[in-house]
Amino acid sequence: MYKISIEKKRLHFKQPAGTSRGIYTTRDIWLIKLASDKIPGRLGIGECAPLPDLSCDASDDFDERLLELCSIFKQNGRIDYSLMRPYPSALFGLETALLNLENGDKLFDTPFSRGEIGIPINGLVWMGSFDEMNKRIEDKLSEGFRCVKLKIGAIDFDSEMTLIKSIRKRYSKSAIELRVDANGGFTAGDAMSRLEELSKYDIHSIEQPIRQKQWHEMSYLCANTPVPIALDEELIGVNIPKMKDDLLDYIKPQYIVLKPTLHGGMKGTREWIEKSRERNVDSWITSALESSVGLSAIAQLTSDIYGNDITMAQGLGTGALFADNLPSQTEIRGDKIWMTGKK
């Protein structure tokens, strides 16, 4: 018999986090705490962190929905994946809590989880003014990052291109890998011309150039783009296996970016990656502004999925965003994230 409790917490960003959808100053999360008579003395903790206006299960009544889903789990004694597909952040939290209860802090038995190897990550540069973004870029480069991802769409495109041009003037493609994330900030009409402009500066990839649910337009862009396109928001709410097949076969992206909180929990993330591999579409995994609890779980999932020789930089460098984060089991050393074994 399982015992379940839920705790809601509000985290505060050290600095406002800007995206093309707006600016975050706080972040609400829900912690699922799971105990069992079969494993006395151990508590499993998992994080549910739906993003307002983005997650398919974000709603004003998320508290009630989560309580209902946890009650069903308690009654069944197992996760009902068919029931929870529409609730990826709740599913991820419950999956994590159950693994934590059963396996302890090492959710998966991998060299990363044992603290033996690190996972390469990109340095994330948030949107801001020209001067703010320029300083953030310099900070990431001085910290040793070889892959930098820029959130674009907050200032005018010409200013953003000036930033990118200035980086390339100082650092070649072999020295610094540049990724950009438009968060759907381009229109179908201007996307191609902007992609052509970006292509002059050896951009590794662009995430979600136009808003999701424009399959025809996105398919055209992916077929003709001079810069590889990675789908991100496009995958949100596409939770049925047949729908995943249809999306990948119609749009034919160069990459997909997986956020377990948004894209189906751990099971859904594995499903997306399996289907993308069948189509020779590469992928990487990123966090989605979770606390240290969710970040640790996502990093361990990443190591379990991709193995011990990860060369693609993952998006797992968000652990220091909050002023009041929970105790962390991970730390950044240079351009890698490591498990520390601390709590």
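Residues numbered from 1 in each chain as written. Predicted model: local features only at pLDDT ≥ 70, side-chain atom pairs only at ≥ 80, totals over all residues. Heavy atoms only, no water.

Details of helix 1 (residues 62-76)
- Taking 1.5 Å of rise per residue, the 15 residues of helix 1 would be expected to cover 21 Å, and the 21 Å separating its terminal C-alpha atoms lies within 8% of that figure.
- Among the residues of helix 1, those classed as buried are Phe-62, Leu-66, Leu-69, Cys-70 and Phe-73. The buried residues of helix 1 occupy an angular sector of 100° when the element is viewed end-on, so they sit on one face. Of the exposed residues in helix 1, those oriented more than 90 degrees away from the buried face are Leu-67 and Gln-75.
- One or two positions beyond helix 1, positive phi appears at Gly-77, with a value near 75°. (Helix = DSSP H or I, 4+ residues; strand = E, 2+ residues; numbered from the N terminus. Expected span 1.5 Å × (residues − 1). Buried < 20%, exposed > 50% of the residue type's maximum accessible area, 1.4 Å probe, protein only. Arc of directions from axis to C-beta.)

A few points about the sheet that holds strand 8 (residues 203-207)
- Across the sheet, 7 strands lie side by side as 5-6-7-8-9-10-11; this open sheet has parallel pairing. Since the sheet does not close on itself, it has two edges, and those belong to strand 5 (123-125) and strand 11 (282-285), each with one partner. Looking at each pair of strands side by side, their axes are set apart by 25° on average, direction ignored.
- One ladder, built from 3 bridges, connects strand 5 with strand 6 (residues 147-151); its direction is parallel. (Pairing = 2+ DSSP bridges. Axes fitted to C-alpha atoms, helices over the stretch in contact; angles between N-to-C directions.)

Topic: the pattern of salt bridges
- For the coordinates displayed, the defined rule picks out 26 salt bridges.
- Glu-207 serves as the salt-bridge partner of Lys-149, at 3.0 Å between the closest nitrogen and oxygen. Of the two residues, Lys-149 is situated in strand 6 and Glu-207 in strand 8; the sequence distance between them amounts to 58 residues. With respect to burial, Lys-149 and Glu-207 carry one shared label: buried.
- Of the charged contacts, one joins Arg-279 and Asp-245 as a salt bridge, the two residues approaching to 3.1 Å between their closest N and O atoms. With a gap of 34 residues between them, Arg-279 in the loop between helix 9 (265-278) and strand 11 and Asp-245 in helix 8 (residues 241-251) connect regions that are remote in the sequence.
- Classification of Arg-279 by relative accessible area gives partly exposed; the value is 24%.
- In this structure, a network of salt bridges that share partners links the residues Asp-245, Asp-249, Lys-275, Glu-278 and Arg-279. (Salt bridge = Lys/Arg side-chain N within 4 Å of Asp/Glu carboxyl O.)

As for the environment of Arg-27
- Examined against the element boundaries, Arg-27 turns out to sit in strand 2 (residues 22-36).
- Accessibility expressed as a relative area gives 2% for Arg-27, which makes it buried.
- Residues Arg-27 and Phe-322 lie 295 residues apart in sequence; the distance between their C-alpha atoms is 8.9 Å.
- Among residues more than four places away in sequence, those in contact with Arg-27 are Lys-9, Arg-10, Leu-11, Phe-13, Ala-49, Pro-50, Leu-51, Ala-288, Leu-289 and Phe-322.
- Among the polar contacts listed, one links the side chain of Arg-27 to the backbone oxygen of Pro-50, at a separation of 2.9 Å.
- In this structure the side chain of Arg-27 is engaged in a polar contact, spanning 3.0 Å, whose partner is the backbone oxygen of Ala-288. (Contact = heavy atoms within 4.5 Å. Polar contact = N/O pair within 3.5 Å; in protein donor to acceptor, adjacent residues only side chain to side chain.)

Considering the sheet that holds strand 13 (residues 336-339)
- Read across the sheet, 3 strands follow the order 4-13-12 without closing on themselves; strand pairing throughout is antiparallel. A single partner strand is all that each edge strand has here, and the edge strands are strand 4 (119-120) and strand 12 (330-333).
- The pairing of strand 12 with strand 13 spans 4 bridges and is antiparallel. Its bridge partner being in strand 13, Ile-332 is matched across the sheet by Ile-337.
- Set on the sheet, helix 10 (residues 292-306) makes contact with strand 4, strand 12 and strand 13; between it and strand 13 the angle comes to about 100°.

Observations regarding the packing of helix 6 (residues 191-198) against helix 7 (residues 215-224)
- Running from amino to carboxyl end, helix 6 crosses helix 7 at an angle of 25°, the nearest separation of the two axes being 11 Å. One way to sum up the angle between helix 6 and helix 7 is to call them roughly parallel. Classified by chirality, the crossing of helix 7 by helix 6 is right-handed. In contact with Ala-191, Met-192 and Leu-195 of helix 6, helix 7 contributes Tyr-220, Leu-221 and Asn-224.
- Broken down by class, the residue content of the contact of helix 6 with helix 7 amounts to 5 nonpolar, 1 polar and no charged. (Parallel < 35°, antiparallel > 145°, perpendicular 65-115°, else oblique. Left-handed = near helix turned anticlockwise from the far one by under 90°. Nonpolar A, V, L, I, M, F, W, Y, C, P; charged D, E, K, R; others polar.)

Quick word on the side chain of Thr-286
- Within the secondary structure, Thr-286 is located in the loop between strand 11 and helix 10.
- When residues no more than four places from it in sequence are discounted, the contact partners of Thr-286 are Val-257, Leu-258, Lys-259, Pro-260, Ile-298, Gly-315 and Leu-316.

Some details on the nonpolar core
- Formed by 62 residues in total, the largest nonpolar core has its most connected members in Leu-150, Ile-164, Phe-186, Leu-198 and Ile-206.
- For this core, the element with the highest residue contribution is helix 10, accounting for 7 residues. (Core = buried A, V, L, I, M, F, W, Y, C linked by side-chain atoms within 4.5 Å.)

Things to note about the pairing of strand 7 (residues 177-181)
- Of all 5 residues making up strand 7, 4 are buried, and the element is well covered by its neighbours.
- Across 5 bridges, strand 6 lies against strand 7 in parallel orientation. Residue pairing for strand 7: Lys-151 is matched across the bridge by Asp-181.
- The pairing of strand 7 with strand 8 spans 4 bridges and is classified as parallel. When the sheet's bridge partners are listed, Asp-181 is paired in strand 8 with Glu-207.
- Handedness of the strand 7-helix 6-strand 8 crossover: right-handed. (Right-handed = clockwise from strand over helix to strand, strands pointing away.)

Purely geometric stuff here, so don't read any function into it on its own.
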